[in-house]
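Residue-level listing of the chains:
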Amino acid sequence: MDQDTLKAEVAKSAIEYIDRHLQPDAIVGVGTGSTANFFIDSLAEVKHKFQGAVASSDATEERLKSHGIPVYDLNSIDELAVYVDGADETNDALELIKGGGGALTREKIVASVARQFVCIVDESKCVATLGTFPLPIEVIPMARSAVARKLVGMGGQPVYRENFITDNGNVILDVHGLAIEAAREFEHEVNSLVGTVTNGLFALRPADVLLVGSPKGVLEKHASD
């Protein structure tokens, strides 16, 4: 079973999961990336069951609108019932690395106001220790080199993501060579670097539910497990 098939299966499982919990007037937060795109395409089939969505990127907003799903500005929303997104890595604590697609800041904002964060991945994204996937950090452009030097001092190997600008007009440093054991502490430490907008660790606000696509079917894990 190839990776796209696994992503499609776990996206359908996410639809089934949230369908059991959503009220008709609910607004759904939607992430960014290839797995999230499968979710959006499946979400279109049940769009009559909820009010609309909040997008975590311009690309996601365009895809939602192409399916006729109303998209709301987060500033007009008090709270989201659920946020659904993929991840580049996840550990057993449902702490994540996200940002491979460059939308980490908006993803983190949308996740922060959701009552429940449902993460959907294929089994290749499950790891014992975060850090094999380079940690993305969104940085104010003038601070790129200054932040990079600090990251080297923290044991990382930052690489400037060339020819990429975030939806917020900033740049990204992808930090290689990390083995992140204390993810909450490391997330806070990196975010304290002056010039950093945010980093791709979702440990202070991890997923509540993890749906994992595998050849044996979709596995469901909860943060309380």
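Everything quoted here is computed from the prediction, not taken from an experiment.

A. The side chain of Glu187, seen in detail. Along the chain, Glu187 falls in helix H6 (residues 183-191). With residues near it in sequence (within four places) discarded, Glu187 still touches Lys108, Asn199, Leu201, Phe202, Ala203 and Leu204.

B. Representation of the environment of Arg144. Residue position: Arg144 is located in helix H5 (residues 144-153). Owing to a relative accessible area of 30%, Arg144 belongs among the partly exposed residues under this scheme. Considered as a pair, Arg144 and Asp174 are 30 residues apart in the sequence and their alpha carbons are 11 Å apart. Contact partners of Arg144, with chain neighbours within four places excluded, come to Val139, Tyr160, Val171 and Leu173.

C. Up close: the nonpolar core. Residues Phe39 and Leu43 are the most contacted members of the largest nonpolar core, which totals 27 residues. The greatest single-element share of this core, amounting to six residues, is contributed by helix H1 (residues 3-19). Sequence-distant contacts of Phe39, that is, excluding residues within four places in its chain, are made with Ala11, Ala14, Ile15, Ile18, Val30, Val84 and Ile120. Ile97, Val139, Val171 and Ala183 belong to the second largest nonpolar core, which has 21 residues in total.

D. Structural detail: the sheet that holds strand E2 (residues 52-55). Judged by pairing direction, the sheet is mixed, and its six strands sit side by side in the order E2-E1-E3-E6-E12-E13 without closing on themselves. Two strands lie at the open edges of the sheet, namely E2 and strand E13 (217-222), each paired on one side alone. Each adjacent strand pair in this sheet contributes to an overall mean axis angle of 20°, direction not counted. The strands touched by helix H4 (residues 104-112) within the sheet are strand E1 (27-30), E2, strand E3 (80-85) and strand E6 (114-122), with E3 carrying the most contacts at an inclination of about 145°.

The rules behind these values
In every chain, residue numbers begin from 1 and rise along the written sequence. Per-residue local features are limited, in this predicted model, to residues with pLDDT of at least 70; the limit for side-chain atom pairs, both in listing and counting, is 80 or more; totals at the level of whole chains, interfaces and linings are taken over all residues. Side-chain figures throughout are based on the complete set of non-hydrogen atoms in the structure, without hydrogens or water. Numbering goes from the N terminus for both helices and strands, where a helix is a DSSP run of H or I of at least four residues and a strand is a run of E of at least two. When checking whether two residues touch, look at their non-hydrogen atoms; a contact exists if any pair is within 4.5 Å. When a residue's accessible area, from a 1.4 Å probe over protein chains only, is under 20% of the maximum for its type it is buried; when over 50% it is exposed; and in between it is partly exposed. By nonpolar core we mean a set of buried residues, namely Ala, Val, Leu, Ile, Met, Phe, Trp, Tyr and Cys, connected to one another through side-chain atoms within 4.5 Å. Paired strands are those between which DSSP finds at least two bridges. Each axis is a line fitted through C-alpha atoms, and for a helix only the stretch in contact is used; angles between axes span 0 to 180 degrees, taken between their N-to-C directions.

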